[in-house]
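Descriptive structure summary
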Amino acid sequence: MGLGPRSPHKAGRQFPIGGKRGRGAKGSGRPPRGREQHPRSPADRGSERNQDAHPHLSPEALGYFRQALSALKEAPEAGEERELMVHNVLKEVEAQALALATNRTGSEMLQELLGFSPLKPLCRIWAALRSNLRFVACHRCGVHVLQSTLLQLPRLLRNTAEEEEKEEDEDEEEENGKDGSLETLEELVLGLASEVCDDFLFYCGDTHGSFLVRTLLQVLGGTLLESERARPGGSKSSETQRVIAREYKPTDFEVPEAFLNCLQNLSSCFLKDIAVFITDKISSFCLQVALQVLHRKLPQFCAYLCNAVIGYLSTRSSSAAGSPLLLFLRDQTSSRLLEQVLLVLEPPRLQSLFEDHFQGQLQTLAAHPIANFPLQRFLDSISTPELLSPVFEELSPALEAVLAQGHPGVVIALVGACRRVGAYQAQVLQLLLEAFHCAEPSSRKVACVPLFATLTAYEVYYELTEEEGAVPSEHQVEIATTRTLGEVTVLGSLLLQHLLHFSAPGLILRSLGSLTGPQLLALAQSPAGSHILDAILSSPSVTHKQRRRVLQALKGQYVSLACSRHGSRVLDAIWNGAALGTRKEIAAELGEQNQELIRDPFGHHVARNVALTTFLKRREAWEQQQSAMAKRRRALNSVLED
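This text gives an overview of the structure that appears in the document. (Residues numbered from 1 in each chain as written. Predicted model: local features only at pLDDT ≥ 70, side-chain atom pairs only at ≥ 80, totals over all residues. Heavy atoms only, no water.)

Below, the discussion takes up the pattern of salt bridges. With the rule as written, the count across this model stands at 11 salt bridges. Note that D252 and R296 form a salt bridge whose closest N and O atoms lie 2.7 Å from each other. Of this pair, D252 sits in strand β2 (residues 251-252) while R296 sits in helix α18 (residues 281-297), and the two are 44 residues apart along the sequence. Connected via shared salt-bridge partners are E339, R377 and D380. (Salt bridge = Lys/Arg side-chain N within 4 Å of Asp/Glu carboxyl O. Helix = DSSP H or I, 4+ residues; strand = E, 2+ residues; numbered from the N terminus.)

Below, the structure written as structure tokens:
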């Protein structure tokens, strides 16, 4: 909102959750209306065959593939009948691969059919599409078929030995794959990489072709980046979307050594036109993916590529305000790339980057609507006390101002760095209390959890009107207990999760313990708030006694918890860590509303996990069962600890 810092006792307000970054794409990649190419008649196609014309897929063919896909989904997972069906369908696909791939409905069906394909049929389909690579790769539907084909590699590489032996017995007469299926598969991937490398700048710069390059980089590196394949959407703030995206974990799989060599050769192409990949929005995405994959599989080359990016940006036009690099931190496109660079830099290089470029500029970066994002990634990468110390000293005085400007992600990243390094934890907690106006008088401290969770200052949350310079009022427990818990934000939840993993989370636990049963229930039922309960259950800093004291407020709320989408998951977690006595209490309370639980879509799963029917009808058998499960769990934990 662009508002400056306030005095500690000035009338409060709710902190903006986080502004939009303004990086949204201008279009969806669809051609403008009136410019789509429509299928031509067979006569026209016969007289004018060029790659600019869409291949025609007849309604009859489309209907056939739709029925075939439906039949495959319903067929048994194994058996000769299914294998024959797959073989016949894929034969038809091979004959019309290009037409299917470039038809909107057909491409979606083809992507699903590829998931059923054995090795050799997929190679033949791939070869059919490769002959029109540029056309398919730059087609809004075709490129997704190429992506899906590449994404079959983890499955095919894993099952290659079995399929080779089986297919050799079944179709020795086939000419495809003369040197074996695996070699054919390698040749197809490496051949595709070679073609992309020959026209690298074109494919990376094309709206659709860049998707192919990004998927190819992941497959060559044997790493699938889930955040790249499942980008969060919706109307959430850009800062919230980044939190969600970072929760996705990459998946690794084994690839031939030739793939990694090819990955390095393909990544070397970025160096030839480094300026384009830094400044062009579409091309930059390819370099960002390359850095993530290289960081996991070829870290030395990743460091080399990062140094090339930083070196180029550092030598551009000088800035009177400091390093030239700071100008690019404020740019929508290059700052995205720098975010990824900061996440993959090694600690010594990160330290020197701070000293050479960032030192003395952190508060300015934190206030900027774009530069605050790469600053967050810089804070996320801090792992040493030597770097955290000067960063904390420079940034901490502006903590409240940063919140007021609508950039809470910077504050949360700083708190996360304190948690990770294990330093400045008491200091940052005190600064948070002051920023949310609950440090003085001391009675207000117990209200910190609702304030942090909702990212709201004390006066706003409790709807108080205080004149500037007036002495802050004492906390009114009666008002606090009758107030409904406010809406928990994703970033507020993340802040509390960090604080609960501090070495001394006593204040946060006391504040949680002051919540009434309905308030704690609302927290557990909240999509974001439920993760705060997870942190209570998983944090090594929270003792069993402290955990029990907080969770006892949920007694009498177990049925409501069980019948909630997110609350039922919290109850499952409580149950898994509970002693036999606590389990009896939970089961007894749930048993009073057994029929309601059974009818509820979430409650009946809880009833099954608790073995509620056994508890109600055969109590002694239930206790023996629970005791045996507890012994097995303790034995497993002891093995894992060893």
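And the narrative resumes.
This next bit is on the packing of aromatic side chains. Taken as a whole and judged by the stated rule, the model has 14 aromatic pairs. Ring geometry for F200 against F277: centres 5.7 Å apart, planes inclined by 45 degrees, an arrangement best described as tilted. Of this pair, F200 sits in helix α12 (residues 200-205) while F277 sits in helix α17 (residues 274-279); the two residues are 77 residues apart in sequence, bridging distant segments of the chain. Residue classification places F200 among the buried residues on the basis of a relative accessible area of 5%. Residue classification places F277 among the buried positions, given a relative accessible area of 0%. Ring plane angle 75 degrees and centroid distance 4.8 Å describe the contact between F270 and F277, whose orientation is recorded as edge-to-face. (Phe/Tyr/Trp six-rings, centres within 6.5 Å; stacked < 30°, edge-to-face > 60°. Buried < 20%, exposed > 50% of the residue type's maximum accessible area, 1.4 Å probe, protein only.)

Tracing the backbone through its elements, the reader meets F502 in the loop between α32 (490-500) and α33 (506-513). Taking C-alpha positions, F502 is 9.5 Å from V415, a pair spaced 87 residues apart along the chain. Beyond its immediate chain neighbours, meaning those up to four positions away, F502 contacts V415, C418, R419, Q425, V428 and S541. (Contact = heavy atoms within 4.5 Å.)

Packing of helix α16 (residues 257-272) against α18 brings their axes to within 11 Å, and their N-to-C directions diverge by 140 degrees. Between α16 and α18, the interaxial angle falls into the category oblique. Viewed along their axes, α16 and α18 form a crossing whose handedness is left-handed. Taken together, the residues of α18 that come into contact with α16 (itself represented by L260, L263, S267 and F270) are C286, L287, A290, V293, L294 and K297. (Axes fitted to C-alpha atoms, helices over the stretch in contact; angles between N-to-C directions. Parallel < 35°, antiparallel > 145°, perpendicular 65-115°, else oblique. Left-handed = near helix turned anticlockwise from the far one by under 90°.)

On to the nonpolar core. Counting residues in each nonpolar core, the largest one holds 185 residues, and the members touching the most others are F378, F452 and L590. Setting aside residues no more than four positions away along its own chain, L590 makes contact with Y558, V559, A562, L571, L597, V606, V610 and L612. (Core = buried A, V, L, I, M, F, W, Y, C linked by side-chain atoms within 4.5 Å.)

Glancing now at helix α22 (residues 347-358). Taken together, the buried positions of α22 are L350, Q351, L353, F354, H357 and F358. Here the buried residues of α22 occupy an arc of 165 degrees about the axis, which is enough to place them on one side. Those residues of α22 that are exposed and angled more than 90 degrees off the buried face are P348 and D356. The secondary structure elements touched by the buried residues of α22 are α19 (299-314), α20 (325-329), α21 (332-344), α23 (362-367), α24 (372-381) and α25 (385-395). (Arc of directions from axis to C-beta.)

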